[in-house]
Amino acid sequence: MELVCPAGNLPSLKAAVDNGADAVYIGLRDDTNARHFPGLNFNEKRATDGIVYARRKGVRVFLAINTYPRPDGWERWQAAVDTAARLGVDALICADIGVLDYASNRWPDLNLHLSVQASSTNYEALRFYQENFGIKRAVLPRVLSLSQVKNVVENSPVGIEIFGFGSLCVMVEGRCILSSYVTGESPNTCGACSPAKFVTYKETPQGMESRLGDVLTDRYGKKEQAGYPTICKGRFEVGENTFYAIEEPTSLNTLELLPELQTAGIEAIKIEGRQRSPAYVAQVTRVWRQAIDACKQNPDRFSARAEWNRELGKVSEGATTTLGPYYRPWQ
Amino acid sequence: MSSNPRLSLGPNLFYWSRDDIFDFYAEVAEMPVDIVYLGETVCSKRRSLRTEDWFDLADRLSSAGKEVVLSTLSLLEAESEMLTLRRLCENSRFMVEANDMGAVQLLIKQGVPFVTGPTVNIYNPATLQVLANKGLKRWVMPIELSKETLAEMQAERPEGVETEIFAFGRMPLTLSARCFTARSHNLPKDDCQYKCLDYPDGRLLSTQEKKPFLALNGIQTVSSLTCNLLPETAEIKRLDVDVLRISPQSQHTGCIVEAFHQALQDEPPPPLDRYVPLGTCDGYWHGGAGMERLKG
């Protein structure tokens, strides 16, 4: 099982490489990837430096071009694919059918991975991308239970990568437009969910309020720490109750599932968080490297060590973690 | 300029009782809609109609002169859902609306023409061309795309492919593994007690300022506001759109269809505000946030 770690900049890439990642995934500095945040990501020069650094230590670099170009942006996505090919990345992670078509025709030797943003939850969908564009691997959306993941792996024409740790998208990736419903910008079109420029915090007599656009996403009590106003992590009223109607602010952590994931034949575990700091990347990569190695050595006696979960808990959203959809009762 | 756009009735997104569904479609047979999409697109646990019943309904509406299209589930998770999907895709009589890429793949393998629903991501002409080469007959534009994008798509539309837009209804915004209606009753999905039956247009979710925001529809979340492009019919015609989709709601669907029918005949339509659960919006169409009401 390969460990695939996030890097939003060169220091994070180095942190991932130095702490045991098998592969690092990055994005370019524009809306061609789903972490299009100010100050984040790589220009061509930095990407080259990163690839050289990673290669020297035997680590592969993937590049995500995983948003959906509209007609007026098409050339930018084409140019991004060409840049990736020039850089010689080890794989390109794509979602859009048009982009995959262009990449597979123009650069037939380039390895293609299907992004989580392609929203493909079943093996028939994966067959489409394999037969038409020759994808080598697919990242599954975070909507399947563990037994459903196993079924996909058994029938998939390509290797499967799943999310192991990080902020949890509760909705099926690539088909959620809550963000653009409120702001006009979505991960699909603009590469960001709940973009920072629409976020405001205000102290009020009712407490600290967080808003996305005009929409009040939450109110915080004196002792509560205000969270980021991602719509699906807000507190809303349904019927008589005010609660986290969709999901609590929490992170996915599948450490304890590792032996099962290994038996299931999962090819790679992905860590979320290109928007997070180099310290986060270092810490999470280190823990997961140890855990995967321990699991490989002795899967029958593997258990998630308390200190690992403690370390991961410290960098988790809301400082809590969940097995998320892999664990059926969560659903 | 092609002929006048046709009207379609989209798949019903909500969970209604068996009787309510049959009553509804008996009325639909008399409505001035050209195309009717049938089937469960949200949750495979909703079984007031079995697949057989949907086929029967398809026959009935077809006999009433409607073009019937069978719609597939949007989020496929379990193998049992794949079996139903195969049955729909392998039916030899009715065209199928694919709502995910698994369905697209099965329909390509069948070698039959197909429709893609709004949750198949077609954002650019290159994607449209790939799918047109594989048998795409009609595409429903994804909900968040604007009339500017539509105009650019239409300019490069492959020969023989029709364009349909979501013109009226609470907009499907997202899908999840988790059932939010069950969660709002503190029930797990596996014991949901079919609570969706109590909310024929979705269960309202409001902000802490009591502003209506979304509506929970099982594993799907829809807008609380209703998309209404009725005031845009002249523009829609100019953009050479082939089909306008009206998404069913539990009340007044017939009045809404009638209003669109009038508008397409260039007769002044009645205002629709009194026929929707809350307010209307048109933001996506005008290139803004979906929930905005920019015109109309």
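Everything quoted here is computed from the prediction, not taken from an experiment.

What counts and how
- Sequence order as written defines residue numbering, which begins from 1 separately in each chain.
- Numbering of ligands from 1 and lettering of chains from A proceed in the order in which they are written.
- In keeping with the predicted nature of the model, local features appear solely for residues at pLDDT of at least 70, side-chain atom pairs appear and are counted solely at 80 or more, and the whole-chain, interface and lining totals rest on all residues.
- Each helix corresponds to a stretch of at least 4 residues labelled H or I by DSSP, and each strand to a stretch of at least 2 residues labelled E; elements are numbered beginning at the N terminus.
- Taken over C-alpha atoms, the radius of gyration is set against a globule rule of 2.2 Å times the number of residues to the power 0.38.
- Any residue with 12 or fewer other C-beta atoms within 10 Å of its own C-beta is exposed, any with 20 or more is buried, and the rest are partly exposed; the C-beta atoms used are placed from the backbone.
- Any pair of residues counts as being in contact when their C-beta atoms, constructed from backbone geometry, are within 7 Å of one another.
- Whether two strands pair depends on DSSP finding at least two bridges between them.
- For helices, the fitted line uses only the C-alpha atoms of the stretch in contact; every axis is such a line through C-alpha atoms, and the angle between N-to-C directions lies from 0 to 180 degrees.
- Note on residue classes: Ala, Val, Leu, Ile, Met, Phe, Trp, Tyr, Cys and Pro are nonpolar, Asp, Glu, Lys and Arg are charged, and everything else, Gly too, is polar.
- Seen with the strands pointing away from the viewer, any crossover whose path from the first strand over the helix to the second strand runs clockwise is right-handed.
- Here the bounds of each domain stem from an automatic or database domain assignment.
- Geometric relationships in this document are graded by angle, where less than 35 degrees denotes roughly parallel, more than 145 denotes roughly antiparallel, 65 to 115 denotes roughly perpendicular, and other angles denote oblique.
- In a left-handed crossing the near helix is turned counterclockwise from the far helix by less than a right angle, and in a right-handed crossing that turn is clockwise.
- Nonpolar cores are identified as sets of buried Ala, Val, Leu, Ile, Met, Phe, Trp, Tyr and Cys residues joined via C-beta atoms within 7 Å.

## Topic: the overall build of chain B
Along chain B, the regular secondary structure elements total nine helices and 12 strands. Radius of gyration (C-alpha) of chain B: 18 Å, near the 19 Å computed for a compact globule of 296 residues. Seen through its principal axes, chain B has C-alpha atoms that stretch 50 × 50 × 35 Å. Taking all 296 residues of chain B together, the buried fraction comes to 54%.

## Things to note about the overall build of chain A
Check the secondary structure of chain A and you find 11 helices and 15 strands. Relative to the compact-globule value of 20 Å for 331 residues, chain A shows a C-alpha radius of gyration of 19 Å, a close match. In terms of principal-axis extent, the alpha carbons of chain A reach across some 60 × 55 × 40 Å. Of all intrachain contacts in chain A linking residues separated by at least 6 positions in sequence, the fraction that spans at least 24 positions is 63%.

## Overview of the sheet that holds strand β10 (residues 215-220) of chain A
All names here are of chain A. As summarised here, the arrangement of the three strands in space is β8-β9-β10, forming an open sheet in which the pairing is antiparallel. Edge positions in the sheet fall to β8 (199-204) and β10, since each of these pairs with one other strand and no more. Pairwise comparison of adjacent strand axes, ignoring direction, gives a mean angle of 25 degrees for this sheet. Pairing between β8 and strand β9 (residues 207-212): six bridges, direction antiparallel. Paired with V199 across the bridge in β9 is L212.

## Examining the environment of M1(A)
Residues and elements named next belong to chain A. Following the sequence through the fold, M1 ends up in the segment before β1 (2-6). C-alpha of M1 to C-alpha of P278: the two residues are 277 residues apart in sequence and 23 Å apart in space. The residues touching M1, leaving out its near neighbours within four places in the chain, are L261, Q262, I266, A268, I269 and I292.

## Side note on the interface of chain B and chain A
Taken residue by residue, the interface counts 50 residues in chain B and 54 residues in chain A. Elements with a contribution of two residues or more to the side of chain B that touches chain A: α3 (79-89), α4 (101-110), α5 (125-133), α6 (147-155), β7 (162-175), α7 (180-184), β8 (203-206) and β9 (212-217) of chain B. For the side of chain B that touches chain A, the element with the highest residue contribution is α4(B), accounting for five residues. Per-class residue counts for the side of chain B that touches chain A are 24 nonpolar, 16 polar and 10 charged. Both strand β11 (residues 236-238) of chain A and β8(B) contribute to a ladder of two bridges, which runs antiparallel. From the neighbouring strand, E237(A) faces β8(B), where its bridge partner is S206(B).

## Some points on the pairing of strand β2 (residues 35-38) of chain B
Residue and element names in this part refer to chain B. Residue alternation in β2 divides its side chains into two sets, I35 and Y37 and V36 and L38, and both sets are buried. With two bridges joining them, strand β1 (residues 6-9) and β2 adopt parallel strand pairing. By the bridge assignment, L9 is partnered in β2 with V36. On the question of chirality, the crossover connecting β1 to the parallel β2 by way of helix α1 (residues 18-28) is right-handed.

## Topic: the domain arrangement of chain A
Residues and elements named next belong to chain A. Split into domains, chain A comes out as domain 1 (2-168 + 250-330) and domain 2 (178-243). For domain 1 and domain 2, the distance between their C-alpha centroids amounts to 27 Å. Taken together, the 12 residues of domain 1 in the interface contact eight residues of domain 2. Here the side of domain 1 that touches domain 2 is built from residues that sort into four nonpolar, five polar and three charged.

## Considerations on the packing of helix α3 (residues 74-87) of chain A against helix α4 (residues 97-106) of chain A
Describing two packed helices takes the angle between their axes plus the distance from one axis to the other. All names here are of chain A. At a minimum axis distance of 10 Å, the contact between α3 and α4 shows a crossing angle of 40 degrees. When the axes of α3 and α4 are compared, the pair comes out oblique. Note on packing geometry: the crossing formed by α3 with α4 is right-handed. Contacts between α3 and α4 involve W77, Q78 and V81 on the former and, on the latter, V99, Y102, A103 and R106.

## Details of the pairing of β10(A)
Residue and element names in this part refer to chain A. Alignment of β9 against β10, held across five bridges, turns out to be antiparallel. Counted as the bridge partner of E209 is R219 from β10. Between β9 and the antiparallel strand that follows it, β10, lie two residues; G213 among them carries a positive phi value of about 55 degrees.

## Thoughts on the environment of A304(A)
All names here are of chain A. Its location among the elements puts A304 in the loop between α10 (278-297) and α11 (306-314). A304 sits 132 residues away from V172 along the chain, and the two C-alpha atoms are 28 Å apart. Excluding anything up to four places from it in sequence, A304 contacts L255, E256, A291 and N309.

## Considering the nonpolar core
Counting residues in each nonpolar core, the largest one holds 195 residues, and the members touching the most others are V24(A), L63(A), I65(A), L92(A) and F260(B). Looking at which element gives the most residues to this core, the answer is α10(A), with eight residues. Excluding residues that lie within four positions of it along the chain, F260(B) makes contacts with L7(B), F168(B), L230(B), L244(B) and I246(B).

## Remarks on unusual backbone geometry
Residue and element names in this part refer to chain B. For K210, which is not a glycine, the phi torsion comes out positive at approximately 70 degrees. In this structure, K210 sits in the loop between β8 and β9. When the 9 C-beta atoms within 10 Å are taken as the criterion, K210 is described as exposed. The backbone phi angle of D240 is positive, close to 65 degrees, even though this residue is not glycine. In this fold, D240 is placed in the loop between α8 (233-238) and β11 (243-246). Overall, the presence of 16 C-beta atoms within 10 Å leaves D240 in the partly exposed class.

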